[in-house]
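# A look at the structure
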Amino acid sequence: MKSFYITTAIDYVNGSPHLGHAYEKVLVDVIARFRRLMGDKVFFLTGTDEHGQKVQMSARKRGIPAQQFVDATAAEFRALYDRLHVSYDDFIRTTEERHQRVVREILQRLFDKGEIYRAEYRGFYSTRQEQFLLEKDRLPDGSWPEIFGEVTEIIEPNYFFKLRSYQDWLVGHLKAHEDFIFPRFRQKQVLEFLKEPLNDLCISRPRERLEWGIPLPFDEAFVTYVWFDALVNYVSGVWGDGGPRAELWPADFHVIGKDILVPPHAVYWPIMLHAAGYEPPQALLVHGWWLLKSGQKMSKSTGEVVNPLDLIERFGTDAFRYFLVREMNVGQDSEFSLELFLSRYNSDLANDLGNLVNRTLNMSARYAGGVVPAAGTVGDPERELQALWERTRDEAIRLCEGFQFHSALERAFVFIKAINAYIEKRAPWKLAKSADPADQALLQTSLATMAEALRLGVTLLAPVTPATTEKVYAALGHQSAPQWQDELRWGERLTGARLQPGLVLFPRPEPAT
Ligand code: MSP
């Protein structure tokens, strides 16, 4: 049976991870967890992109061997993802032998098929961007924009991949697969880009200039250059016998940021695969960028880095994950601000959810000896809450299937707020004071209803805040199930469960020092 195979971009390890890197891995983790809960077999690959000029330069600056440098930075990325509870199945590093072997195998295959040729390359080269520039990149006064750093003219032999001869094939493929890129407007951008003739792709650098790369199997005086190395991780991470494993390939989704769609993922990668005789991926999911308040991109080179670790340490992994997923409409950009983070933390997590958990646990302890009673006769408030649950669940699933996680979370919190409103309406503290048997029955019903509704609410949050869901389950005496199946059905499965009081979720933060 084919598994649902999903990947992230592999991060450059020439600096430390930042919010943008963290967001993408959390996003893919939410998708992977959602699919697993929906019953799919999932394979989730992430990793690090470790070759290239910048890494070579960073290592030299520190006076250490490149391998030692990437070992340290890659470990930093991986530690962050572990801390963020990113449930990857494998972590690929492009310096691993298993990756280098596949890159060489694919290069040799393309070379043998006549898809790669040697020619002289002449051009203006930006070391900072690790790319040759085009005439159209120049400013009107003939100089180069600052983002390119120092630009030098270089003439050297290199190897080229026959990209141009596959242009018509790619256009046909995109037209035949309208859902290849999500969101759809990006597919139109790619087709627009393909109206201009493609240049063949220069895929090598002379080793004397760039040591830190994978040598070409047919000419060891050269190493592969950026994309021919990095993109191949998606297959080298799942390599079987002479190709990517059939139960995984083609990948269901490569999830990437908007900056690396055109041309690498939308043009080079499908063509590389097709030319080598492999199927292209099923789809690309393209997310937007986190922007700083000023509207500037966060980037390592300008030194404007928001360190995600700070928020994780202060507020916990789930609060951080919740914020990222709640605030970003997948595909669009989003502005990052600490105020927004605090307001989400306080109003949604501490107030709405945290209070609900406290009330449910405390009232059951006070009025029912800490054991969830059986629900008796139900009235309109119970029926309304249950009807809202059913709508919430169906909508949230539909929204998650369409990657609209921010809206799914919004719906989930409408439901959580409704449970709090339900408690206000039933006022169990008043019912408890009444000697009327009907009120006592209603008290039992209200305690059972709030516990069941809370269980369902946190079940829906599981892909985004998995540790919180587990904690609330444990407090409710509920065993988690690996799949949702009937976990999302309103029932009476908590009847008789013994609650564990004292759970503190999302405490008020200490003032920042
Ligand atoms: N190494 C390449 C990708 C190779 S994939 C075969 C690369 N690395 S990166 O470290 O620069 O970026 C990794 C991912 O993080 C990319 O998908 C990129 O779009 C994403 N982000 C980097 N900064 C970002 C934000 N500020 N916001 C959201 N995501 C951004 O590109």
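Starting from 1, residues in each chain are numbered consecutively following that chain's sequence as written. In view of the model being predicted, local features appear only for residues whose pLDDT reaches at least 70, and side-chain atom pairs are presented and counted only at 80 or more, with totals across whole chains, interfaces and linings using the full set of residues. In computing side-chain properties, one takes all heavy atoms of the structure into account and sets aside hydrogens as well as water.

### Observations regarding the pattern of salt bridges
- In the sections that follow, a salt bridge refers to a side-chain nitrogen of Lys or Arg positioned within 4 Å of a carboxyl oxygen of Asp or Glu. Going through the model one piece at a time under the given rule, you end up with 38 salt bridges.
- Where salt bridges share partners, they join E452, R455, E487 and R493 into one cluster.

### Side note on the nonpolar core
- Think of a nonpolar core as a cluster: buried Ala, Val, Leu, Ile, Met, Phe, Trp, Tyr and Cys residues, connected wherever their side-chain atoms sit within 4.5 Å. Each residue is placed in one exposure class: buried if its accessible area under a 1.4 Å probe, protein chains only, is under 20% of its type's maximum, exposed if it is over 50%, and partly exposed if it falls in between. Within the largest apolar cluster, 103 residues are counted, with the highest numbers of intra-cluster contacts made by I6, L84, L353 and F405.
- In this structure L84 touches A22, V26, I312, T317, F320 and R321, once residues within four positions along its chain are discounted. Contacts are residue-level and defined by heavy atoms, with any inter-residue pair within 4.5 Å sufficient.

### Re the sheet that holds strand β9 (residues 201–202)
- Strand order in this open sheet of four strands is β6-β5-β7-β9, and the pairing throughout is antiparallel. Strand pairing shows two members of the sheet lacking a second neighbour, β6 (131–133) and β9, which therefore form its edges.
- The criterion for strand pairing is that DSSP finds at least two bridges linking the strands in question. Strands are runs of DSSP state E lasting at least two residues, helices are runs of H or I lasting at least four, and both sets are numbered from the N terminus onward. Two elements, strand β5 (residues 116–126) and β6, share three bridges in a ladder whose sense is antiparallel. Directly across from F124, in β6, lies its bridge partner L133.

### A closer look at the packing of helix α1 (residues 19–37) against helix α11 (residues 317–327)
- Every angle, taken between N-to-C directions, lies between 0 and 180 degrees, and every axis is a line fitted to C-alpha atoms, over only the stretch in contact when it is a helix. Where α1 meets α11, the closest approach of the two axes is 10 Å, and the angle between their N-to-C directions is 90°. Classified by the interaxial angle, the pair formed by α1 and α11 is roughly perpendicular. Across the interface between the two elements, L19, A22, Y23, V26, D29, V30 and R33 from α1 touch F320, R321, L324 and V325 from α11.
- Classification convention: Asp, Glu, Lys, Arg as charged; Ala, Val, Leu, Ile, Met, Phe, Trp, Tyr, Cys, Pro as nonpolar; all other residues, Gly among them, as polar. Its residues placed into classes, the contact of α1 with α11 shows eight nonpolar, no polar and three charged. If an angle is under 35 degrees, it is roughly parallel; if it is over 145, roughly antiparallel; if it lies from 65 to 115, roughly perpendicular; otherwise it is oblique.

### A few points about the confidence of the model for the protein chain
- A residue's pLDDT is the confidence the predictor assigns to it, expressed on a 0 to 100 scale. On average, residues of the protein chain score 94 in pLDDT, and 96% of them reach the 70 mark or higher.
- Below pLDDT 50 for its whole length, residues 295–302 participates in 21 contacts with residues either more than four positions away or in separate chains.

### Things to note about helix α5 (residues 167–176)
- When we look at burial in α5, the residues that qualify are Q167, L170, V171, H173 and L174. Taken around the axis of α5, the buried residues stretch over an arc of 160°, which confines them to a single face. Exposed side chains of α5 directed beyond 90 degrees from the buried face belong to D168, K175 and A176.
- Elements that come into contact with the buried residues of α5 comprise α6 (184–193) and α9 (261–276). The arc in question is traced by the directions running from the helix axis to the C-beta atoms.

### With respect to unusual backbone geometry
- In this chain, F182 is followed by P183 through a cis amide linkage whose omega measures -5°.
- A cis geometry characterises the amide bond from V262 onward to P263, with omega recorded as 0°.
- Here P263 is to be found in helix α9.
- Unlike most non-glycine residues, V226 shows phi in positive territory, near 35°.
- Counting through the fold element by element, V226 comes out in the loop between β12 (219–224) and α7 (227–230).
- Residue class for V226 comes out buried when judged on its relative accessible area of 16%.
- Of note in this structure, F403 is not a glycine but carries a positive phi near 65°.

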